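Notes for the structure review
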Amino acid sequence: MKKIIFTLSFLLVIAVSGFSQTTYYWVGGPGSVSFTSNSNWNTQLDGMGTFRAVAPVSTDMDVLIIDGTNIAGTPSNTGPITVALTGTFTGQLILQNSATLIVQRPAGGGGTGTFTINGDGNPGTPDLVVGAGSSLTINSPSTDGSININLLAGVTGSIGGTISIANSGAHRITSQTAGGLVFTSGSIFNSGGTSTTYPFGSSTQGINNGVVFEAGSSLMVTTARSPMGGTSTHQSCYMSAGSNYYLKGGIVASSATGSWSNLKTYGNLFIQAGATFTSDGPFYKIDTLTIDNGCKLTTHSSGNTPVLGNLVVNGTLDAPGGSSNALVLGGSVPQSVSGGGSIVVPSLTVGNYSDVSLSRNMVVATTCSISGKLNFGTSQLSGAATFSSRVSTTPVTYTGTTTTGSFQLTGVTTPSGVTGLYITGPGIAANTNVVGFSSSNSVVNLSKPATGNNIAATYTFSSDSATLVTANPNGLDSLTGSVIVTGAKTFQTGTNYIINAATTKPFGISSVPTYYTGLGNVTLNAAVTLNYNARITGTLTLNSGKLTVLPTDSVRILYGTDIGGAPFSSSKYVISSLSGANAGVLRIDNIATAKLFPVGSSASYLPAILTPTSPMNYAVSVFQGVTADGTPTGTPVTAGQKATIVDAVWTINRTSGSGDCAMTLNWPASLEGSSFSGYSDAMVGIERFNGTDWDIAIGSGNNTANTATATYSSFSPFVVGQAGASLPVIFGTITAATKPGAVTLTWNVKNEEAGTVYSIEKSLTGTNFTAIGSVKGNNKTSYSFVDMDAVTGKIFYRLKLTNASGAIVYSHVIVVVSGNDPVVGIYPNPVTDRLNVSGLAGNSVLTIANSKGQKLLQQKTDASSINVSVADFKPGFYLVSISKAGAKTVTKTFVKQ
């Protein structure tokens, strides 16, 4: 039924057009027979109609159909048909229903047999049709001659099956109409044999772009002549986006066998089976480029090689010595570079809207210019090239002309330096890259076809911000990271980064470094340690892992942008790394609303939320281990003091702005002091170090959610403690002055509370202390105490503070050396049972008293030593006095355990 409908449609066209046209079916059998013998054609498929009676002439409008279901009339037959062609004309030739036609010259005939297709006069109907599953083969040796299938001007063809050229004859198929012969998806053209002519003709044999290969069609080239033609100004066949061009079979493509690349447009290009492609000029564009093992593509000495799809190199991609040709990865869809072969190119450009992933290393000799997105993975760029990530190129304008469907902007006067930029203007599709230009031809090559016709319109060229993506554990380190080219490296301010692997060297450092590296958007998908001061003009996003800011560095977000990746947690935040007096800083400028600073120490997540009343800039760092002055190197507060606070210091500095700012601090329960952990919400607040003392804590808290909130207009270190109270008394300096038999202790304090009592404790060992006196606080900042029983030798002192609520705080221990070593000695000390006293003189009196001065034992002796029992003494501090008339009394101390 389909065959009948097809035939009737042609008859209807003939009747409507008014031409004298008859449809004939091939009934001549498989051959080899004459193609032009009238007895081989019949108006009926079964051969029962009328044979073709009139010899073909140049005005012949007949329709010749070869139907694969019957090639012999009656009885029917199927199979290939082989015919001898001298020369003929017809209106249309149709191969349908898996028909197979093999055309050759008569044996020994020589010359050229031309098969001219006149057409039916209807531009909407194809005149040469090779249906899907059908094939047309031209196969004849040069000794028998050549065959030319010629479609006249206005004649069209539609190929869904296969056309092949084989053997050594100078065979060709030519079209005299631009876009006249179309190979549709799934069709194949085999250009084979050893012919010395061009398979689609030269510039004088066929028209420019007379043959079109649509997406999904394939051109197989195993001949030594270029299907594109012989000159740079002529392209016999146009390879549409998505079409396939296979160069194979040991072919050497070079300028000696035609023009293969110079100003040519390709779809997908495959170099296979040992083929070698030496460019005779710069390409206009290639979609996917695949170079198989043992194959090679050598690019031109100048210009560009634009690849808009994937690049797969298992063979060799290189350039001649001294070449400036740029490999331009300029597609508007994601691209990859892969394969196990060799890639050594003079220059590399990544287009503005391109998204390129490297799955292999590349060597670049001269320049690397990145305007779009380049994902290195774990691969590297090496070689002697310079490297530049482009950002916000100053726009330039040119006038030019677009033609719908064309990948070119023509009539552009002396374009320069625009490769890799984006282009906007009338007739330009969105997200179009410039993939090359030719000043001599006044042409700019585009990554997308034009969407309209425009003459001498104005077009703008510029760039956005490059994006560099790495999963290299060495990040973008200049020696071991993703970019190890040895030329100058310029990572322009505003370059975007995506880090996909843990690294301590995430960002590119320019060869001429500045005080900071300027970043655009930064996305972290792994734990990262900052390798430089960083200023971020875009968004910082923490998707996974922690960002560690080194002690002398800062990360600064310039425009108040929220940090992405929330919610944050103990496994994902910004670490304020600490070393000595320095701590890493997170700074956010232009804060006008509540802003989360997801900061913490290396061990704990300690975020802060700042809510200013007007735009302000804030810098935040944090460390664990509260000190007396709120600095990392200050004197640590005592264990008693820590009991009443959260053991962390938030250093919050306002670098610009004024007025109030509410802050909310958050902490883990593990940092809460033993007393603080039991506070009610009403007892929780924030206190500030004012430069001299810790102020009284203000604000409110939630000791279940572990948050405290307060409003301040001045900024410095902050801690979380008991609301309405300041940090417990902080001891300042403790000094000691000695004189014979006495030691005067003096100490300074801060934040003294009413009811404070200072107990003075003494030890001769540094481990067991006994109270020897006390001083009541009276709202002073300095106190003193005199120890009148200061034995000679080494003495340890400390102060014990007890406030009105019973909380206890100890000072640090100081050591005093008093006088010279005495002759009298006591041992052991401390003692548990019996005490030995040596170095006595005659008629000595030994007295033992407790710390309150109460005498517990007194004994006279003429011996030089004495042993006394102290077993019944209570544990504590005791005094031993040895006196003799007319002599100085010697006093010793001991501790009873």
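Residues numbered from 1 in each chain as written. Predicted model: local features only at pLDDT ≥ 70, side-chain atom pairs only at ≥ 80, totals over all residues. Heavy atoms only, no water.

Once that is clear, we can look at the side chain of Thr 523. Mapped onto the secondary structure, Thr 523 falls in strand S47 (residues 517–524). A residue is classified by how much of its surface remains accessible, and Thr 523, at 19% relative accessible area, is buried. Every residue in contact with Thr 523, bar those within four places of it in the chain, is listed here: Tyr 497, Ile 498, Ile 499, Thr 541 and Asn 543. (Helix = DSSP H or I, 4+ residues; strand = E, 2+ residues; numbered from the N terminus. Buried < 20%, exposed > 50% of the residue type's maximum accessible area, 1.4 Å probe, protein only. Contact = heavy atoms within 4.5 Å.)

If you trace the 4 strands from one edge of the open sheet to the other, you get S78-S77-S80-S81, paired in antiparallel fashion. Both edges of this open sheet fall to strand S78 (855–861) and strand S81 (890–896), since each of them pairs with a single strand only. Across this sheet, the average inter-strand angle for adjacent strands is 20°, counted without regard to direction. Two elements, strand S77 (residues 844–850) and strand S80 (residues 876–883), share 6 bridges in a ladder whose sense is antiparallel. When the bridges of S80 are listed, Leu 846 appears paired with Ile 882. (Pairing = 2+ DSSP bridges. Axes fitted to C-alpha atoms, helices over the stretch in contact; angles between N-to-C directions.)

Strand pairing in a sheet is mediated by backbone hydrogen bonds. Such pairs are either parallel or antiparallel. Pairing is parallel in the open sheet, where 4 strands are placed in the order S48-S51-S53-S58. What marks the edges here is a single partner per strand, and that holds for strand S48 (528–529) and strand S58 (599–600). Bridge count between S48 and strand S51 (residues 547–549): 2 bridges; the pairing is parallel. Within S51, the position partnered with Thr 529 by the bridge is Thr 548.

Attention shifts here to the nonpolar core. Judged by nonpolar contacts, the single largest core of 137 residues is most densely connected at Leu 381 and Trp 650. Not counting chain neighbours up to four residues away, the residues in contact with Trp 650 comprise Leu 606, Pro 607, Ala 608, Ser 621, Val 622, Leu 665, Asn 666, Trp 667, Ser 716, Pro 717, Phe 718 and Val 720. Counting residues in hydrophobic clusters, the runner-up holds 22 residues, among them Tyr 758, Leu 764, Ile 795 and Leu 879. (Core = buried A, V, L, I, M, F, W, Y, C linked by side-chain atoms within 4.5 Å.)

Attention shifts here to the state of the cysteines. Counted under the stated rule, the structure contains 0 disulfides. For Cys 295, which is in no disulfide, the shortest distance to another cysteine sulfur is to Cys 237 and amounts to 20 Å. (Disulfide = S-S within 2.5 Å.)

On to the environment of Phe 894. By the secondary structure assignment, Phe 894 is in strand S81. When the C-alpha atoms of Phe 894 and Tyr 783 are compared, they prove to be 27 Å apart, with 111 residues separating the residues in sequence. Discounting chain neighbours no more than four positions away, the residues touching Phe 894 are Leu 764, Ile 826, Asn 829, Val 831, Leu 835, Ile 848, Val 870, Phe 873, Gly 876, Phe 877, Tyr 878 and Val 880.

This brings us to the pattern of salt bridges. A complete count under the given rule lists 13 salt bridges for this structure. With a shortest N-O distance of 3.3 Å, Asp 318 and Lys 296 are connected by a salt bridge. Taken together, the residues Asp 318 in strand S29 (residues 316–318) and Lys 296 in strand S26 (residues 296–298) connect sequence positions 22 residues apart. On the basis of relative accessible area, Asp 318 is assigned to the buried category, the value being 17%. Across the salt bridge formed by Asp 695 and Arg 688, the nearest N and O atoms sit 3.7 Å from each other. Given the relative accessible area of 25%, Asp 695 is considered partly exposed. Judged by its relative accessible area of 14%, Arg 688 falls in the buried class. A cluster of three or more residues bridged by salt bridges with shared partners is formed by Arg 52, Asp 60 and Asp 62. (Salt bridge = Lys/Arg side-chain N within 4 Å of Asp/Glu carboxyl O.)

Turning our eyes to something else, we now look at the packing of aromatic side chains. Evaluation of the coordinates by the stated rule reveals 30 aromatic pairs. Aromatic side chains Tyr 246 and Phe 270 sit 4.5 Å apart centroid to centroid with 10° between the ring planes, which places their arrangement in the stacked category. Separated by 24 residues along the polypeptide, Tyr 246 in strand S21 (residues 244–247) and Phe 270 in strand S23 (residues 268–271) bring together distant segments of the chain. In this pair, the class of Tyr 246 matches that of Phe 270, namely buried. A network of ring pairs unites the aromatic residues Tyr 245, Trp 260, Tyr 266, Phe 277 and Phe 283 as a single cluster. Positioned over the ring face of Phe 407 is Lys 285, at 4.6 Å from the centre of the ring. Positioned above the aromatic ring of Tyr 516 is the side chain of Arg 535, whose terminal nitrogen or guanidinium carbon lies 3.9 Å from the ring centre. (Phe/Tyr/Trp six-rings, centres within 6.5 Å; stacked < 30°, edge-to-face > 60°. Lys NZ or Arg CZ within 6 Å of the ring centre and 35° of its normal.)

Moving on to the confidence of the model for the protein chain. Mean pLDDT for the protein chain: 89, with 93% of residues reaching 70 or above. Counting interchain partners and residues more than four positions distant, the pLDDT-below-50 stretch residues 1–19 has 27 contacts. (pLDDT = per-residue confidence, 0-100.)

Let us look at a nonpolar patch on the surface. Residues Val 813, Val 815 and Val 817 make up a contiguous nonpolar surface patch of roughly 250 Å² in combined accessible area. Within the element layout of this structure, Val 813 appears in the loop between strand S73 (808–810) and strand S74 (814–818). Overall, Val 813 belongs to the partly exposed group, its relative accessible area being 38%. (Patch = residues over 30% accessible without salt bridge, like charges linked within 9 Å, V, L, I, M, F, W, Y side chains within 5 Å. Areas by Shrake-Rupley, 256 points an atom, 1.4 Å probe, with all protein chains shown as cover.)

Turning our eyes to something else, we now look at the environment of Pro 75. Tracing the backbone shows Pro 75 in the loop between strand S4 (63–67) and strand S5 (81–84). Residues Pro 75 and Leu 540, spaced 465 residues apart in sequence, show a C-alpha to C-alpha distance of 80 Å.

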